[in-house]
Amino acid sequence: FLIYYLIINLYNYFSKIECYSNLNHFAYIPIDNELQNQINSVDKYISQNGNAKILDSSASVYMIPLDIYNKDYDMFNKGNLGINGEEKIIEEVSNSNNIKYLILKDEYLMNWQTPIEVIDYVKKNKMKTGEIEKFNIYE
């Protein structure tokens, strides 16, 4: 029984090998082609345009393949920012130069823990300069 179970699992694994990701640190994880293309597109933009921060709870999905860690931004949820976290991030954004902020377009649903005050601040105080995949770009 165990050998049969092992053979079936190996067959299932190898029959779906084309669905597995080739992204850095995501090897052999099944990822939808559309999502993988989206990650590649956003990562290419970030690599070519320097300092960028994604203001969304999905940020780590894009940053992990790039080996980039942006404390407080890669797990962009209210619960991860600490005391006065939103105010601290707003102050960082207001003092920032040459940083691009990627914010989820309005037609996509944000996580319920998204720091909306930060998003609103960026939209009101930074200039929208473009779009990439499901994100608007602000500088």
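Keep in mind the model is a prediction, meaning the values are calculated, not measured.

Q: For this particular structure, what's the right way to read the pattern of salt bridges?
A: Side chains carrying opposite charge are able to pair once their charged atoms draw close together. What the rule picks out here adds up to six salt bridges. Of the charged contacts in the structure, one is a salt bridge between K71 and D72, with a shortest N-O distance of 3.7 Å. Note on K71: relative accessible area 54%, which makes it exposed. One salt bridge connects K105 with E131, and the closest N-O pair in it is separated by 3.2 Å. Here K105 is found in the loop between β2 (100–104) and α5 (116–125), whereas its partner E131 is found in strand β3 (residues 128–132), with 26 residues between them in sequence.

Q: Would you mind showing me how to read the packing of aromatic side chains here?
A: The geometry of an aromatic ring pair is captured by two quantities: the separation of the ring centres and the angle between the planes. One pass over the full model with this rule turns up two aromatic pairs. For the pair Y62 and F135, a centre-to-centre distance of 5.4 Å together with 80° between the ring planes defines the contact as edge-to-face. Here Y62, found in helix α3 (residues 59–63), pairs with F135, found in strand β4 (residues 135–138); they are 73 residues apart in sequence, far enough to count as distant. We note that Y62, like F135, is buried. Measuring from ring centre to ring centre gives 6.1 Å for Y73 and F76, while their planes differ by 0°; the resulting arrangement is stacked. Grouping residues by exposure puts Y73 and F76 together as buried. For K53, the ring lying beneath its charged end belongs to Y73, and the centroid distance is 5.0 Å. In this structure, K134 packs its charged tip against the face of Y108, placed 5.9 Å from the ring centre.

Q: In this structure, what is going on with the sheet that holds β2? I would like to understand it.
A: Hydrogen bonding along the main chain pairs the strands of a sheet, whether they run parallel or antiparallel. Across the sheet, which stays open at both edges, the four strands sit in the order β1-β2-β4-β3 with mixed pairing between neighbours. Each edge of the sheet is formed by a strand with only one pairing partner; in this case those strands are β1 (52–54) and β3. Sheet twist, expressed as the mean angle between neighbouring strand axes with direction ignored, is 25°. Bridge count between β3 and β4: four bridges; the pairing is antiparallel. Across the sheet, residue E131 finds its bridge partner in β4, namely N136.

The rules we used
- Residues numbered from 1 in each chain as written.
- Predicted model: local features only at pLDDT ≥ 70, side-chain atom pairs only at ≥ 80, totals over all residues.
- Heavy atoms only, no water.
- Salt bridge = Lys/Arg side-chain N within 4 Å of Asp/Glu carboxyl O.
- Buried < 20%, exposed > 50% of the residue type's maximum accessible area, 1.4 Å probe, protein only.
- Helix = DSSP H or I, 4+ residues; strand = E, 2+ residues; numbered from the N terminus.
- Phe/Tyr/Trp six-rings, centres within 6.5 Å; stacked < 30°, edge-to-face > 60°.
- Lys NZ or Arg CZ within 6 Å of the ring centre and 35° of its normal.
- Pairing = 2+ DSSP bridges.
- Axes fitted to C-alpha atoms, helices over the stretch in contact; angles between N-to-C directions.

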